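Next come the chains, spelled out residue by residue.
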Amino acid sequence: YGGMGLDFSYNIAVAEELGNIRCGGIPMAIGVQAGMATPALTRFGSHELKKQFLVPTIAGDFVACLGISEPGAGSDVANIKTTAVRKGDEYVINGGKMWITSGSQADWMCLLANTSEGPPHRNKSLICLPMNLPGIHVAKKIDKLGMRSSDTAQIFFEDVRVPCKNVIGEEGKGFTYQMLQFQEERLWGVATALTPMETIIQETIEYTRQRRVFGQPVLHNQAVHFRLAELATEVELLRSLLHRAVALYVEGNDVTKFASMAKLKAGRLTREVTDSCLQFWGGMGFTSEVLVSRFYRDLRLMSIGGGSDETMLSIICKYMDALPRK
């Protein structure tokens, strides 16, 4: 279908390299295209759907977006309310989606919707939804704290009709497919954060070596260079966890626990690195003129998007059998 046929480790190599882009929004937009909106279609979609949607997406002729989150259902995917009711050979879609990356410009959406009234984990389907159909309303482009070079939209559906053949895989398996899709999304997100953290630490070393306070460079304070050494160590530990998870995933293992651990650690570490380094930049760090302030805003999303820190903790507890028993 136009791809190179490489295993998932190459996605992660690309994601780490994209971290050299001096913002978070562009790697995130590429990640939606390559590792968030398309894995389920690649793995479970019909040949016809792949020709219609995957081929032009891989070629870069189509922009894809992922339609999961809603105003009342972010990390709680089972609670989505958007419906796709079968009427003959079509689904009629009603509802809305929120926080949709690339939603203002997307050619199609990988949409998760309720296609029956069954149990919440077995009543959902993923649907390839062309974004030019009647009844689709892109309500607004959301003004955000960070990731400002990436458009994020609120979208409503009003009696949108799409062929039933556009469902990915089996009807009712959408929740399961999306949980699998999330693992690649979370690993990609972790990978894109590694290089920015390294860059921030290195630029902070260079700045504090030049900046003098009380007659000596800021870097010459033991508290400063010890803290930077500690943060650099944490980044390397996260990289090791990521690479272990990816190696297991490529071998065909379930890496939900390790992907969740890496996502949790990445969310917390990006906050720790950017906050600590920004402090060492002093007043300059509070301006929009330096990279550390941009990443302070952009990387804050790591603890929220693609499953919050709290959701990751719940998943890890489940795999440790540490959740309270009812």
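Residues numbered from 1 in each chain as written. Predicted model: local features only at pLDDT ≥ 70, side-chain atom pairs only at ≥ 80, totals over all residues. Heavy atoms only, no water.

- Per an unreviewed UniProt entry, the protein is named IVD dehydrogenase, and its organism is Copsychus sechellarum.
- UniProt's Cofactor (unreviewed entry) comment on the protein is quoted here verbatim: "FAD".
- Note on the protein: under the UniProt heading Sequence similarities (unreviewed entry), the record states "Belongs to the acyl-CoA dehydrogenase family." (UniProt positions renumbered as here; feature names shortened; annotations may be inferred.)

### Concerning the pairing of strand β5 (residues 124-130)
Consideration 1: In terms of burial, β5 is largely enclosed, as seven of its seven residues are buried.
Consideration 2: Burial along β5 is two-sided: K124, L126, C128 and P130 facing one way and S125, I127 and L129 facing the other are all buried.
Consideration 3: Relative to β5, strand β4 (residues 108-114) runs antiparallel, the two being bridged by seven bridges. Across the sheet, L111 pairs through a bridge with I127, a residue of β5. (Buried < 20%, exposed > 50% of the residue type's maximum accessible area, 1.4 Å probe, protein only. Helix = DSSP H or I, 4+ residues; strand = E, 2+ residues; numbered from the N terminus. Pairing = 2+ DSSP bridges.)

### Details of the UniProt feature "domain: Acyl-CoA dehydrogenase/oxidase N-terminal" (unreviewed entry) in the protein
Consideration 1: Per the UniProt record, "domain: Acyl-CoA dehydrogenase/oxidase N-terminal" (unreviewed entry) is annotated on residues 1-61.
Consideration 2: Along residues 1-61 the backbone is 69% helical and 0% strand, and the end-to-end C-alpha distance reaches 13 Å.

### As for the packing of helix α6 (residues 222-250) against helix α7 (residues 256-280)
Consideration 1: Between α6 and α7, whose axes approach to 10 Å, the crossing angle comes to 160°. Here α6 is positioned roughly antiparallel relative to α7, judged by the angle of their axes. Crossing geometry of α6 relative to α7 is assigned as left-handed. Residues V224, R227, L228, L231, E234, V235, L238, L241, R244, A245 and L248 of α6 pack against F258, M261, A262, K265, A266, L269, E272, V273, S276, C277 and F280 of α7. (Axes fitted to C-alpha atoms, helices over the stretch in contact; angles between N-to-C directions. Parallel < 35°, antiparallel > 145°, perpendicular 65-115°, else oblique. Left-handed = near helix turned anticlockwise from the far one by under 90°. Contact = heavy atoms within 4.5 Å.)

### Topic: the pairing of strand β3 (residues 90-101)
Consideration 1: In this structure, strand β2 (residues 83-87) lies alongside β3, joined through five bridges in antiparallel fashion. Among the inter-strand pairings, R86 is bridged to a residue of β3, identified as Y91.
Consideration 2: Taking the residues that link successive antiparallel strands as the turn, the β2-β3 hairpin has two residues, and the phi of G88 there is positive, at about 70°.
Consideration 3: Direction of pairing for β3 relative to strand β7 (residues 152-163): antiparallel, over a ladder of nine bridges. Bridge pairing links E90 to P163 in β7.

### Re the UniProt feature "domain: Acyl-CoA oxidase/dehydrogenase middle" (unreviewed entry) in the protein
Consideration 1: Sites flagged by UniProt as "domain: Acyl-CoA oxidase/dehydrogenase middle" (unreviewed entry) map to residues 65-160.
Consideration 2: Here residues 65-160 runs as 0% helix and 51% strand, with 17 Å between its end C-alpha atoms.

### Looking at the packing of helix α5 (residues 174-210) against helix α8 (residues 291-298)
Consideration 1: Running from amino to carboxyl end, α5 crosses α8 at an angle of 145°, the nearest separation of the two axes being 10 Å. Regarding α5 and α8, the two cross each other, and that crossing is left-handed. Taking contact as the criterion, the partners of P196, T199, I200 and E203 in α5 are, on α8, L291, V292 and F295.
Consideration 2: Classifying every residue of the contact of α5 with α8 by side-chain character gives five nonpolar, one polar and one charged. (Nonpolar A, V, L, I, M, F, W, Y, C, P; charged D, E, K, R; others polar.)

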